[in-house]
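Understanding the architecture of this molecule
So the chains spell out like this:
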Amino acid sequence: EPEVTQTPSHQVTQMGQEVILRCVPISNHLYFYWYRQILGQKVEFLVSFYNNEISEKSEIFDDQFSVERPDGSNFTLKIRSTKLEDSAMYFCASRQTQGGIDTQYFGPGTRLTVL
Amino acid sequence: DAKTTQPNSMESNEEEPVHLPCNHSTISGTDYIHWYRQLPSQGPEYVIHGLTSNVNNRMASLAIAEDRKSSTLILHRATLRDAAVYYCILTTSGTYKYIFGTGTRLKVLA
């Protein structure tokens, strides 16, 4: 069964460093998402991406964040200058429009630790 | 904020059925009801979804109230592997982001 994959599974970085989290969505999906989950808290929406542009973003997704689909398979989340509070699990998700049903499929996540 | 209300936690004995309730009194006519679960240290996993009619799949059943203001996820025989946080999510037409609540933490007792 097709699945969303994410790399790396765990990323440790120093505060102020740039990180890129990578995702390979399900191949025939058209909509892509990033969510994050701070330890012990809710899963929070960050951004949605369709047709090579951001379709919606949350207040969390400020100028430090950017997303890109550099080729036909990868979808990346970049954090330019990491802060301690960026430590969280980051989940990528993808969706294929199918009769208007919005079923998103999530990857296993990248645990980001900012020291 | 999440538009759904779920109990914080529930317990079940192994191999017994589990009924996980969700209230969504402000649901609109075009909202789908999705259920996901999140096992420890994993991403949310799709379980089932529905619009108006009850639905069954290999993982679970979804019972939707006639007025659609509530729904129940039914696990027919809980196993230890079903211990997870279960989320009930409404997907609103026109905006496709998911808004997660705190979900129901299901504990399965051996």
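Definitions and limits used
Residues numbered from 1 in each chain as written. Chains lettered and ligands numbered in written order. Predicted model: local features only at pLDDT ≥ 70, side-chain atom pairs only at ≥ 80, totals over all residues. Heavy atoms only, no water. Helix = DSSP H or I, 4+ residues; strand = E, 2+ residues; numbered from the N terminus. Rg over C-alpha atoms; globule rule 2.2 N^0.38 Å. Buried < 20%, exposed > 50% of the residue type's maximum accessible area, 1.4 Å probe, protein only. Contact = heavy atoms within 4.5 Å. Areas by Shrake-Rupley, 256 points an atom, 1.4 Å probe, with all protein chains shown as cover. Salt bridge = Lys/Arg side-chain N within 4 Å of Asp/Glu carboxyl O. Disulfide = S-S within 2.5 Å.

1. With respect to the overall build of chain A
Each helix and strand in chain A was counted, giving zero helices and eleven strands. Starting at the N terminus, the α and β elements of chain A follow one another as β-β-β-β-β-β-β-β-β-β-β. Taking 115 residues into account, the globule formula puts the C-alpha radius of gyration at 13 Å, and chain A, at 13 Å, falls close to it. Overall, chain A is about 45 × 25 × 25 Å in size when its C-alpha atoms are taken along their principal axes. Split into buried and exposed, the 115 residues of chain A put 43% on the buried side. Within chain A, contacts between residues at least 6 apart in sequence are counted, and of these 54% link residues at least 24 apart. As displayed, chain A offers around 5,800 Å² of accessible surface, 46% of which is attributable to carbon and sulfur atoms.

2. What about the pattern of salt bridges?
All names here are of chain B. Here the structure, examined in full by the defined rule, presents five salt bridges over all chains. A salt bridge links glutamate 15 to arginine 77; its shortest N-O distance comes to 3.1 Å. Taken together, the positions of glutamate 15 in the loop between strand S1 (9-13) and strand S2 (18-23) and arginine 77 in the loop between strand S7 (70-75) and strand S8 (84-91) put the pair 62 residues apart, joining distant regions of the chain. In terms of burial, glutamate 15 and arginine 77 fall into one category: exposed. One network of salt bridges, with partners in common, ties together Arg37, Glu45 and Asp82.

3. Observations concerning the state of the cysteines
Throughout the structure, instances matching the rule amount to two disulfides over all chains. There is a disulfide in this structure between Cys23(A) and Cys92(A), and the S-S distance comes to 1.9 Å. Measuring handedness by torsion sign, the sulfur bridge of Cys23(A) and Cys92(A) sits at about -65 degrees and is left-handed. Note that Cys23(A) is positioned in strand S3 (residues 19-24) and Cys92(A) in strand S9 (residues 88-95), a separation of 69 residues in sequence. A sulfur-sulfur separation of 2.1 Å characterises the disulfide bridge that pairs Cys22(B) with Cys88(B). Residues Cys22(B) and Cys88(B) are joined by a disulfide whose S-S torsion is about -80 degrees; by sign, that bridge is left-handed. Note that Cys22(B) is positioned in strand S2 and Cys88(B) in strand S8, a separation of 66 residues in sequence. Here Cys22(B) falls in the buried class, since its relative accessible area comes to 1%.

4. Brief notes about the environment of Phe106(A)
Here Phe106(A) lies in strand S10 (residues 104-106). For the pair formed by Phe106(A) and Thr82(A), sequence separation is 24 residues and the distance between their alpha carbons is 23 Å. If we ignore the near neighbours within four places in the chain, the residues touching Phe106(A) are Val4(A), Tyr35(A), Phe91(A), Cys92(A), Ala93(A), Tyr36(B), Pro44(B), Tyr98(B) and Phe100(B).

5. What to know about the side chain of Thr13(A)
Residue and element names in this part refer to chain A. On the secondary structure map, threonine 13 appears in strand S2 (residues 10-13). Taking relative accessible area as the criterion, threonine 13 reaches 8% and is therefore assigned buried. With near-sequence residues (within four places) excluded, threonine 13 lies in contact with Val19, Thr82, Leu112, Thr113, Val114 and Leu115.

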